Amino acid sequence: MTQIIVAGVVAFVVSIFLTPVLILYFRRRGFGQEIRIEGPKSHLSKSGTPTMGGLAMVVAVWLAYIAAGLVGQFTVGGGGFTASGLLVLGLATGLAVVGTVDDGLKVFKRHNKGLGIVSKTVGQVAAALAFAVLILGFRNSDGITPASTSLSYIRDFVAVTFPVVVFLIFIVALVFVWSNAVNFTDGLDGLAAGSVAMVMGTYVIFSFWQFRYSCFSSNTEVDLSGCYQVRDPLDIAVLCSAALGACLGFLWWNAAPAKIFMGDTGSMFLGGLVAGVSVVSHTELLMVVVGALFIIEFVSVVIQVVAFRTTGRRPFRMTPIHHHFENGGWKETTVTIRFWLICAISCGLSIALFYGDWLANSTG
């Protein structure tokens, strides 16, 4: 628990104090967000708001993860840096680089369009493919790799095991969807930061529970009949705690009216964390429940595009779907809070499912 607490506190402190420094710096440099003309008219007043605030979260998570890892070296029963944590952070950081290039182009060109769809997709796929290849390496002393080629819900479906090539395609698709889903959700002040904070908080619980009931635990006082074959659950919990703290610190400045936007730098980074954590914790399908809000946002865009190209009609006023409700008369803060409630409900449901599975598999 010491490492988890240290990670959360350090990330929060770094994020909440570094963000205003970025706000001041970006304002002086004129690094402001360009608002798309076809977006909600109420957002035009946000033009010029500093962007790329996601850099604060990237720095906060890295520093917090390093601090917690160092603490783990001197803590009885603690752990240090692991392949699982470093690979997920590497994936998220790689996506953050793609997002930073996209944000940078928007800022310097003073236009709301950065990287083209092809260039952005190539960057996402490259980061995802590197992650997919590396995640099947780095066996520990028990011969366990950070990822499993079996499809997972709360535990692996042994009957659904992917050949390596199919697994690589699956991971690339998973990362692509989650990074874009979180990116689409980042359209209202505080919406993405608050939602990801809830998701990461949920995964702190999941990962710590997996650590306590690990199949590789030497604790004889714990019933391991329903144990989890996850390689580095404690390190995953530490990383999720760091992400939770970073999101909360950033949310202090990003809450309506936002003083700074996270930009694609932040949303792609957070999307990478969501995707990576689901893989190394062996809960790819459960993440669909936890992050249901992001899936709704992503699917709304897909439906809008497909419907328009096939029928010439748009089923929603505007997508992502939070803009549909804005254009329907809801205030921005109303949409944000109600969407937060959806996220909170999905996180609560996922905790119930996770615990129910443990009860069903445990004989203690």
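Rules used throughout
Residues numbered from 1 in each chain as written. Predicted model: local features only at pLDDT ≥ 70, side-chain atom pairs only at ≥ 80, totals over all residues. Heavy atoms only, no water. Helix = DSSP H or I, 4+ residues; strand = E, 2+ residues; numbered from the N terminus. Rg over C-alpha atoms; globule rule 2.2 N^0.38 Å. Buried < 20%, exposed > 50% of the residue type's maximum accessible area, 1.4 Å probe, protein only. Contact = heavy atoms within 4.5 Å. Areas by Shrake-Rupley, 256 points an atom, 1.4 Å probe, with all protein chains shown as cover. Lys, Arg positive; Asp, Glu negative; His and termini not counted. Charge placed at Lys NZ, Arg CZ, Asp CG, Glu CD. Disulfide = S-S within 2.5 Å. Salt bridge = Lys/Arg side-chain N within 4 Å of Asp/Glu carboxyl O. Axes fitted to C-alpha atoms, helices over the stretch in contact; angles between N-to-C directions. Parallel < 35°, antiparallel > 145°, perpendicular 65-115°, else oblique. Nonpolar A, V, L, I, M, F, W, Y, C, P; charged D, E, K, R; others polar. Phe/Tyr/Trp six-rings, centres within 6.5 Å; stacked < 30°, edge-to-face > 60°. Lys NZ or Arg CZ within 6 Å of the ring centre and 35° of its normal. Core = buried A, V, L, I, M, F, W, Y, C linked by side-chain atoms within 4.5 Å.

It is worth spelling out the overall build of the protein at this point. Within the protein, the secondary structure is distributed over 12 helices and two strands. In sequence order, the secondary structure elements of the protein are arranged as α-α-α-α-β-β-α-α-α-α-α-α-α-α. The C-alpha radius of gyration of the protein comes to 20 Å, within 12% of the 21 Å expected for a compact globule of 364 residues. Out of the 364 residues belonging to the protein, those deemed buried represent 53%. Counting only contacts in the protein whose residues sit at least 6 apart along the sequence, the fraction spanning at least 24 positions is 76%. Carbon and sulfur atoms make up 68% of the accessible area of the protein, which amounts to about 15,600 Å² in all. Between the averaged position of the 22 positive side-chain charges in the protein and that of its 18 negative side-chain charges there is a distance of 13 Å.

We now examine the state of the cysteines. As used in these notes, a disulfide is a covalent bond between sulfur atoms, one from each of two cysteines. In the structure shown here, the tally under the stated rule is one disulfide. Shown here is the disulfide that connects Cys215 with Cys227, its sulfur atoms set 2.0 Å apart. Judged by the sign of its S-S torsion, about 90°, the cystine formed by Cys215 and Cys227 is right-handed. In this pair, Cys215 sits in the loop between helix 6 (191–212) and helix 7 (233–254) while Cys227 sits in the loop between helix 6 and helix 7, placing the two residues 12 residues apart along the sequence. Free cysteine Cys240: the closest other cysteine sulfur is in Cys247, separated by 11 Å.

Within the structure shown, the criterion is met by six salt bridges. A salt bridge links Asp102 to Lys106, with the shortest nitrogen-to-oxygen separation between them at 3.3 Å. Here the residue Asp102 and the residue Lys106 both occupy positions in helix 3 (residues 83–109), the gap between them amounting to four residues, near one helical turn. What makes Lys106 buried here is its relative accessible area of 14%. Members of the salt-bridge network, linked through shared partners, are Asp102, Lys106, Lys120 and Asp264.

Each neighbour pair has its own omega, and for Ala256 with Pro257 the value is -10°, a cis peptide bond. Relative to the helices and strands, Pro257 is located in the loop between helix 7 and helix 8 (263–280). Going from Thr319 to Pro320, the amide bond is cis rather than trans, its omega being 0°. Structurally, Pro320 can be placed in the loop between helix 10 (292–311) and helix 11 (321–327). Even without being glycine, Met52 reaches a positive phi, approximately 65°. Examined against the element boundaries, Met52 turns out to sit in the loop between helix 1 (2–29) and helix 2 (54–73). The class of Met52 is buried, set by a relative accessible area of 7%. A positive phi angle is found at Phe138, which is not glycine, with a value near 55°. Within the secondary structure layout, Phe138 lies in the loop between helix 4 (117–134) and strand 1 (150–152). Relative accessible area serves as the criterion here: at 47%, Phe138 is assigned to the partly exposed category.

This brings us to the packing of helix 6 against helix 12 (residues 332–361). Describing two packed helices takes the angle between their axes plus the distance from one axis to the other. Two elements in contact, helix 6 and helix 12, have axes separated by 9 Å at closest approach and are oriented at 10°. Of the possible angle classes, the one that applies to helix 6 and helix 12 is roughly parallel. Contacts between helix 6 and helix 12 involve Leu191, Gly194, Ser195, Met198, Val199, Thr202, Ile205, Phe206, Trp209 and Gln210 from the first element and Thr336, Phe339, Trp340, Cys343, Ala344, Cys347, Ser350, Ile351, Phe354, Tyr355 and Trp358 from the second. Here the contact of helix 6 with helix 12 is built from residues that sort into 15 nonpolar, six polar and no charged.

We now examine the packing of aromatic side chains. Counted by the stated rule, this structure contains 16 aromatic pairs. Plain terms: the ring middles of Trp178 and Phe294 are 6.5 Å apart, the flat faces sit at 85° to each other, and that makes the pair edge-to-face. Placement of the pair is Trp178 in helix 5 (residues 164–185) and Phe294 in helix 10, with a sequence separation of 116 residues. Aromatic side chains Phe325 and Trp330 sit 4.6 Å apart centroid to centroid with 25° between the ring planes, which places their arrangement in the stacked category. Grouping aromatic residues by their ring pairs yields a cluster made of Tyr203, Phe206, Tyr228 and Phe354. The ring of Phe308 carries the charged tip of Arg314 above its face, separated from the ring centre by 4.0 Å. Here the guanidinium or amino end of Arg338 rests over the ring plane of Trp330, the centre of that ring lying 4.6 Å away.

Here the focus is the nonpolar core. Counting residues in each nonpolar core, the largest one holds 96 residues, and the members touching the most others are Val199, Phe269 and Leu270. The element contributing the most residues to this core is helix 7, with 12 residues.

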